[in-house]
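Chain and residue survey
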Amino acid sequence: MTRRLERRGPIRTALALAALVLSPISRADDAELLFGMVGPFTGPSKEMGESVRTGVRVAFAAQNDAGGVNGRRLRLVAVDDGFEPARTAEAVRELIYGRNVFGIIGEVGTPGAKVAVPLANAKGVLFFGAVSGASFLRNNPPDRYVFNYRASYQEETATIVRYLVEVRRIPPGRIAVFTQDDAFGDAGFEGVARIVRHYRADPARILRVRYRRNTANVEGAVREVARRAKDLGAVVMVATYKAAARFIEGLRDARVRGLALTNVSDVGANMLAEELAQFGPGYAKGVIVTQVVPLPTAKATTILEYRDELRKYAPDARPGFLSLEGWISARLLIEGLKRAGPGAGVEKVVDALEGIHGLDLGVGTPLGFGPSEHQASHPVWGTVIDAKGGLDPLDLQ
Amino acid sequence: MAAPYAGQQNAVFFGPLSGADLLRKNPPDRHVFNFRASLAAEAAAAVRYLVEVRRIDPKRIATLEQDDDFGASGRRGAIRQLGTYGVSEASVLKLTYPRNTADVRQAIARLKERAGDVDAVVMTATYKPAATFVRRGKDLGLKLFYTTVSADSGGLSEELVLSGQGYTDDVLLTQVVPVPTSPASTLIRYRKALEKYSPGEKPGSTSLEAWIGAQIFIEGLRRAGRDLDTAKLVSALESIQNLDLGIGGMISFGPNEHQGSHMVWGWLLQPDGSYKQVSLE
């Protein structure tokens, strides 16, 4: 269940601050490490927030059962922002000033991240493993308190466009982009534009169609793509699952055939597949999703462990890409916390994280950070949805 | 001048604030070590940005440079990059101005004659002549994109903001260090050191460049150990490989490589005089 916070009132805040002033080192601080999470737990994207939270919770619970980290228990408090960046700032302030969290983990939503990062940087709390590949989370050199587990949108879109051009033989000029009309969509589009430029095609000529965040109003986008369908070979989608599913449904209903349809990982592949399968046979088959984690159904040691823990600590949850992403991020964070030693504060943990090199968590690639590198993983995996809404691996090389 | 003298005296010449070619021979002078990317690399990165990101026709890029070795180093980098797009050196309009002046009248006059052939100018200039050239170009109503090498960023923006609305448009500054106000670990450390040892001094790209150079030099001294002499220091510096100082790229030296960093950043001038870091690729 979401531990939604009550509306923050002046009295509550004053009490919280008074408590902080009176006992700067409370017993709870010694005994536990509190992390916050912000994301959609209401509204049309709530399953995304819930999946990521499940993954983080499960990894924390397993670690706590193994004795915690250097004697401290891990706790997660999740706050709903309804996928509206206008609400993210308040949620983040509540967490870092009201709850005095050690860091924020698994934030869901690129526009929200844009709001949250300056707040985290200003207070000096960790902003770890956001579910976003946006380049503003990957500055060069990287922001001290911002750490990413996953590959960037640039890496995801470069991989998929390369696949469309080299394997599927679709000319780069025949690739359209369907995006959410915000920082998430812009970040994805920027990635496509960059790789298209690499192929010496003009990004200004890419057909870009949009929908509004937190809606599934895709009619205009469908109409535009259907109208231009004969000039197109593929649509790269930078959308969340509800809108993506409607868009695909609309194209299929308009009898637009022969277009390769691809999604970035943030779509929530499992939700998208389920949604499409519900529309009936023929909607789901062949839709591609790039992933920043291995298949949650893989037989690899670490993924078996993930599913064991999921069964044990979240018996109602099914394995999924977003929950696996949250779980791996939490594992990586735990490694940094362990290395920082007993009683470590944020600064020590940042230094410890920057000292992780070539860590093999069994997720298909060694993970590492450094003062110049705050993104641990770079690979992108391909998956394709089958007629019944299952997800199969797809070789993108 | 100073580098040969240091060599004669068997002294190390470390981290000059210069990207000139004469400090970057191949193989490198034993006594000369550089931290920063070369002027040629900066100008080449600017050309790449104009062509790849701004989609400007490489045949329509001109250069403006100071009439000395500083200017020549930048021009060489621009020409080398333009060569990869099939543009010959002879066809690249070359504008110059006299060293230690902001006298760009002749350059502007020549630009005016050839205005129909030019969409962008890659400048290897100090801030004052660079700002003057941009201002006069805009006064002529020419719609051009301007890039300039790591000049004094504050001076350049001040000059152009003062000139009025629109003068800051389409101006890119290349830099060999990250943004001094970045929230990266190392930049936080730099600002703390500045606050402590030079209170009142504002963070800036020049002091940052010198600070990073000093960090590398200290690493060399540390590796050289006790009983320091020049030979030991040179060997110690040449042993630095993939040193991560947290500036976004690794620092490496070697017997064949006396330039630690090859990184070039792009700063796009904003109407309020600030800069926005942009990707050059």
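**A short note on the overall build of chain A**
Secondary structure summary: chain A contains 13 helices and 12 strands in total. For 397 residues, the compact-globule estimate of 2.2 N^0.38 gives 21 Å, and chain A sits close to it at 21 Å. By principal-axis analysis of the C-alpha atoms, chain A measures approximately 70 × 45 × 40 Å. By sequence separation, contacts in chain A at least 24 residues apart represent 71% of the contacts at least 6 residues apart. For chain A, the accessible area works out to roughly 16,100 Å², and carbon and sulfur atoms hold 50% of it. Considering chain A, the positive charge centre built from 52 side chains and the negative charge centre built from 44 side chains are found 3 Å apart.

**Some details on the confidence of the model for chain B**
Close inspection of predicted coordinates is inappropriate for parts of the model with low pLDDT. Across chain B, the average pLDDT comes to 94, with 100% of residues at 70 or higher. This prediction of the complex comes with two scores: 0.87 for pTM and 0.80 for ipTM.

**Concerning the packing of helix H9 (residues 241–253) of chain A against helix H10 (residues 269–278) of chain A**
Residue and element names in this part refer to chain A. Between H9 and H10, the shortest axis-to-axis distance is 9 Å and the interhelical angle comes to 40 degrees. Overall, the two elements H9 and H10 adopt an arrangement that is oblique. In the packing of H9 onto H10, the handedness of the crossing is right-handed. Between H9 and H10, the contacting residues are Tyr241, Lys242, Ala244, Ala245 and Ile248 on the first element and Met271, Leu272, Glu275 and Leu276 on the second. Here the residues of the contact of H9 with H10 sort into seven nonpolar, no polar and two charged.

**A short note on the interface of chain A and chain B**
In this assembly, 18 residues from chain A lie in contact with 23 residues from chain B. Carbon and sulfur atoms make up 46% of the surface buried where chain A meets chain B, a total of about 1,400 Å² over both sides. Contact with chain B buries area across many residues of chain A, yet Asn140, Pro141 and Arg197 of chain A alone supply 37% of it, more than any other trio. Viewed at the interface, chain B and chain A are joined by three salt bridges. Between Arg55 of chain B and Asp202 of chain A there is a salt bridge, and its shortest N-O distance comes to 3.3 Å. Applying the counting rule to chain A against chain B returns 14 residue pairs in polar contact (both at pLDDT 80 or more). Counting only elements with at least two residues in the side of chain A that touches chain B, the list comes to helix H7 (183–198) and helix H13 (346–354) of chain A.

Cut-offs and rules
Here, residues in each chain are numbered from 1, in the same order as that chain's written sequence. Written order decides the labels, with chains lettered from A and ligands numbered from 1. Restriction of local features to residues with pLDDT of at least 70 applies here, the model being predicted, together with a cutoff of 80 or more for giving and counting side-chain atom pairs; totals for whole chains, interfaces and linings are based on all residues. Side-chain figures throughout are based on the complete set of non-hydrogen atoms in the structure, without hydrogens or water. Secondary structure elements are taken from DSSP: a helix is a run of H or I of four residues or more, a strand is a run of E of two residues or more, and numbering for both begins at the N terminus. Throughout, the radius of gyration refers to the C-alpha atoms, and the reference size of a globule is 2.2 Å times the residue count to the power 0.38. The contact definition used throughout considers only heavy atoms, calling two residues in contact when any of these lie within 4.5 Å. Here, Shrake-Rupley sampling with a 1.4 Å probe gives the accessible areas, and only protein chains in the shown set may cover a residue. Charge assignment: positive for Lys and Arg, negative for Asp and Glu; neither His nor the chain ends contribute. In plain terms, the charge of a residue is placed at NZ if it is Lys, CZ if Arg, CG if Asp and CD if Glu. As a per-residue measure, pLDDT reflects the predictor's confidence and takes values from 0 up to 100. Angles shown run from 0 to 180 degrees and are taken between the N-to-C directions of axes, each axis being a line fitted to C-alpha atoms and, for helices, limited to the stretch in contact. Relative orientations are named as follows: roughly parallel for angles under 35 degrees, roughly antiparallel for angles over 145 degrees, roughly perpendicular for angles from 65 to 115 degrees, and oblique for any other angle. Helix crossings are classified by the rotation of the near helix relative to the far one: an anticlockwise turn of less than a right angle makes the crossing left-handed, while a clockwise turn makes it right-handed. Lys, Arg, Asp and Glu make up the charged group, whereas Ala, Val, Leu, Ile, Met, Phe, Trp, Tyr, Cys and Pro make up the nonpolar group; the residues left over, Gly among them, are polar. By convention, the term buried area covers the 1.4 Å-probe accessible surface removed from two parts as they join, with the contributions of both added. The salt bridge definition used is simple: a Lys or Arg side-chain nitrogen within 4 Å of an Asp or Glu carboxyl oxygen. Whenever two N or O atoms come within 3.5 Å, that pair is a polar contact, provided that in protein one can donate a hydrogen and the other can accept it, and provided that, for residues adjacent in sequence, both atoms are side-chain atoms.

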